[in-house]
Amino acid sequence: MQVLNTKICVIGLGYIGLPTASLLGTKGFDVFGVDTSREVVDTINKGQIHIVEPDLDILVKSAVQAGKLTAGLEPTEADVFIIAVPTPFKDGNQPDLSFVEDATRMIAPHVKAGDLVILESTSPVGTTDGIIAKLLEGAGHNIKEDIFIAHCPERVLPGRILIELVENDRIVGGINDASTSKAVEFYKTFVRGDVLTTDSRTAEMAKLTENSFRDVNIAFANELSMICDEEGINVWELISLANRHPRVNILQPGPGVGGHCIAVDPWFIVSRTPELARLIKTAREVNDHKPNWVIKKVRANADKFKRPVIGCLGLSFKADVDDLRESPAVEIVKKLMKENIGEILVSEPNLTEHAEFNLMPFEEVIAKSDIVLMLVDHKVFRSLKTSEFKEKVLIDTRGIIV
Ligand code: SAJ
């Protein structure tokens, strides 16, 4: 596929859409990005960004300044359409595909014969050949001959998005062979990793499998941490010893599993095959239970004080990002505030302010607290030493203070 004069329309300018759009812009494509938020659109058109991700500011600025990336509220005509909208879950842990449906309806009038439509959003099996293909067909497109439709799940790790967008292998699954080939041609213009091919349903399941694999393994670590606490064993020492076995590789326990991916995607498998996905479901339950276990620990320690000052370090769902989505740290802090078992102080070094929390520098939080609750393994917290917590109760859910 030629790069120059090829127009790309990216729907959704979030953690996946914006890095993808700006990367494609700097590679020479003419990129038009669409978002429902006027504020997001205006920010990007100024060459600025609304999310924190290493080097994304530089990439967006250079794509916008070169005239290769423009943002708007409505799609335009293009050669390739990329749907990168959220696929959250709703009540009963059922997938909410309304954003995918809206995006498809939005692009339908702009798609023309020969165009390629790619779904990058993580989706339940059957979304590409079901919802996307059916909606486009319903809008009058000949999906068998005229247009090409494929799923290519995003697999990048927040914090390393720009590196992984280029370096990672990609899985491309079309609704037919012609669609797969067309999508492979496109990804090969900017991906250095291998571009692997399959059908759209396998591509959908592959993405869900990757995140469920990680969820199940983190659940194992979290379950171990609760068992070890009961047994008076240091779980981090235990894991580092067990991991010296050549075929054992246990992940790290934490306050729970957050983010918009690992805490969500396994439900997309469970929702379709609830009777069969027993281990996957249990892992979700173990990880979802972990914040409550942490709260119980804080409560037990708070009972030793009259009204303790409880300092909570970190709010984001993982280290060195500003993303609070599905964050177990946020859940824990909110519940502690509601329980009113003490005065709650909060620090999140990656945010300057937050509507619900009065954020303070972490040094001040530590100095003022009776109980310090370490929730996120941010780089700045990793350099703290046990000696700095003398006379305080330290509850380290990440095992970083030594
Ligand atoms: N976590 C632990 N212990 C660990 C590892 C992670 O408690 O040993 C927690 C983190 O603190 C966080 C959560 O798990 O709360 C998820 O973090 P993560 O770094 O494992 O993953 P995400 O959600 O940032 O990104 C994942 C990645 N998937 C896999 O590694 C299989 C990424 O490649 C996907 O692109 C992304 O989901 C996505 O968008 O689906």
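Per chain, the residues get numbers from 1 upward, laid out in the order the sequence is written. Totals for whole chains, interfaces and linings use all residues, but because this is a predicted model, local features are given only for residues with pLDDT of at least 70 and pairs of side-chain atoms are given and counted only at 80 or more. To get the side-chain values, all heavy atoms of the structure are used, and hydrogens and water are removed first.

(A) Fine view of the nonpolar core. Nine residue types can take part in a nonpolar core, namely buried Ala, Val, Leu, Ile, Met, Phe, Trp, Tyr and Cys, and a core is a set of them joined through side-chain atoms within 4.5 Å. With a 1.4 Å probe rolled over the protein chains alone, any residue whose accessible area is under 20% of its type maximum counts as buried; one over 50% counts as exposed, and the rest are partly exposed. One finds I8, I44, F186 and Y187 to be the most contacted residues of the largest nonpolar core, which totals 43 residues. Residue contacts are defined here by distance: any two heavy atoms, one from each residue, within 4.5 Å place the two residues in contact. Apart from residues lying up to four places away in sequence, F186 is in contact with M1, I8, L24, F29, V80, I82, L116 and I118. Judged by nonpolar contacts, the second largest core, of 23 residues, contains F81, L119, I147 and I149.

(B) Structural view of the sheet that holds strand β7 (residues 116–119). Any two strands with at least two DSSP-identified bridges between them are counted as paired. Here a helix means four or more residues in a row that DSSP labels H or I, a strand means two or more in a row labelled E, and each is numbered from the N terminus. With mixed pairing, the eight strands of this open sheet are ordered in space as β3-β2-β1-β4-β7-β8-β9-β10. Looking along the sheet, the strands with just one partner apiece sit at the ends: β3 (69–72) and β10 (195–199). Adjacent strand axes in the sheet meet at a mean angle of 25°, parallel and antiparallel pairs treated alike. Two elements, strand β2 (residues 30–34) and β3, share four bridges in a ladder whose sense is parallel. Within β3, the residue paired with V34 across the bridge is G72. Geometry is summarised by axes, namely lines fitted to C-alpha atoms with helices restricted to the contacting stretch, and by angles between N-to-C directions that run from 0 to 180 degrees. Against the sheet, helix α4 (residues 98–107) contacts β1 (7–11), β2, β4 (80–83) and β7, and its axis sits at roughly 160° relative to β4.

(C) Spatial organisation of the packing of aromatic side chains. Ring geometry is summarised as follows: Phe, Tyr and Trp rings, the Trp one being its six-membered ring, pair when their centres sit within 6.5 Å, and such pairs are stacked at plane angles under 30 degrees, edge-to-face over 60 and tilted between the two. Under the definition given, this model contains five aromatic pairs. Where F362 meets F381, the ring centres are 5.4 Å apart and the plane angle is 75°; that geometry is what we call edge-to-face. Of the two residues, F362 is situated in helix α13 (residues 362–368) and F381 in helix α14 (residues 379–382); the sequence distance between them amounts to 19 residues. F381 gets classed as buried once you look at its relative accessible area, which sits at 0%. One aromatic cluster is present, formed by F29, F186, Y187 and F190 through successive ring pairs.

(D) Fine view of the site of the ligand. Near residues are defined by distance, with any heavy atom within 4 Å of the molecule or strand qualifying the residue. As a structural note, the neighbourhood of the ligand is formed by 20 residues, with E154, K207, R214, Q252 and F317 the closest of them. Residues adjacent in sequence count toward polar contacts only when both atoms are side-chain atoms; beyond that, a polar contact is any pair of N or O atoms within 3.5 Å, and within protein one must be able to donate a hydrogen and the other to accept it. The contact in question runs from an oxygen atom of the ligand to an N or O atom on the backbone of R155, over 2.7 Å. The separation between an oxygen atom of the ligand and a polar side-chain atom of R214 is 2.5 Å. The element best represented in the shell around the ligand is helix α8 (residues 200–231), accounting for five residues. Split by domain, the shell around the ligand shows at least three residues from each of two domains, domain 1 (7–193) and domain 2 (234–396). Domain boundaries shown here were taken from an automatic or database domain assignment.

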